[in-house]
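Understanding the architecture of this molecule
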Amino acid sequence: MDGATGETLWMYRFEEGERGEHAVRFNNRGVAYWTNNQGDERIFTISLGYQLIALNAKTGLPAAGFGNKGVVDLLIGLDRENIKPGIIGATSPAIVVGDTVVVGSALELGVCAKI
């Protein structure tokens, strides 16, 4: 959205089908912003199905060179046997610290993970 005029500049919707329908939580409280101060600006959001999405802040298109066409599957690489769609998700936005994106998690009620 253009902050001066209120005009909608772009919209983005990530369709993840059944994975999104089995989300742990059905809300997300925001987005994160990153820039390299050389013209590359990105918006990060976490999908209902626990995937990190990077969008070009100017165009709303998936960020080239980030993950798989702008998407990183946050379930890949987790070292728990019981992790699958509908078990883990996020309700808070990611945060950007320097050039690192930090993502939290929310577990399904009643799920314990062995440490």
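For the structure itself, look to the data block above.
All of these numbers come straight from a predicted model, not from anything done at the bench.

1. Here we look at the nonpolar core
With 16 residues, the main nonpolar core has Phe-44, Ile-46, Tyr-50, Leu-52 and Phe-66 as its most contacted residues. Of all the secondary-structure elements, those providing two or more residues to this core are strand 1 (32-35), strand 2 (41-46) and strand 3 (51-56). Ignoring sequence-local partners within four residues, the contact set of Leu-52 consists of Phe-44, Thr-45, Ile-46, Phe-66, Gly-70, Val-71, Val-72, Leu-74, Ala-94, Val-101 and Val-103.

2. As for a nonpolar patch on the surface
A surface patch of nonpolar side chains, about 250 Å² in accessible area, is lined by Ile-95, Val-97 and Val-102. Structurally, Val-97 can be placed in strand 6 (residues 95-97).

3. Topic: the pairing of strand 3
Taken across its 6 residues, strand 3 has 5 buried, putting it largely inside the fold. Between strand 2 and strand 3, which pair antiparallel one after the other, the connecting turn spans 4 residues, and Tyr-50 there sits at a positive phi close to 70°. Inspection of the sheet shows strand 3 paired to strand 4 (residues 71-73) by 3 bridges, in the antiparallel sense. Bridging from a neighbouring strand, Gln-51 pairs with Asp-73 of strand 4.

Analysis parameters
- Residues numbered from 1 in each chain as written.
- Predicted model: local features only at pLDDT ≥ 70, side-chain atom pairs only at ≥ 80, totals over all residues.
- Heavy atoms only, no water.
- Core = buried A, V, L, I, M, F, W, Y, C linked by side-chain atoms within 4.5 Å.
- Buried < 20%, exposed > 50% of the residue type's maximum accessible area, 1.4 Å probe, protein only.
- Helix = DSSP H or I, 4+ residues; strand = E, 2+ residues; numbered from the N terminus.
- Contact = heavy atoms within 4.5 Å.
- Patch = residues over 30% accessible without salt bridge, like charges linked within 9 Å, V, L, I, M, F, W, Y side chains within 5 Å.
- Areas by Shrake-Rupley, 256 points an atom, 1.4 Å probe, with all protein chains shown as cover.
- Salt bridge = Lys/Arg side-chain N within 4 Å of Asp/Glu carboxyl O.
- Pairing = 2+ DSSP bridges.

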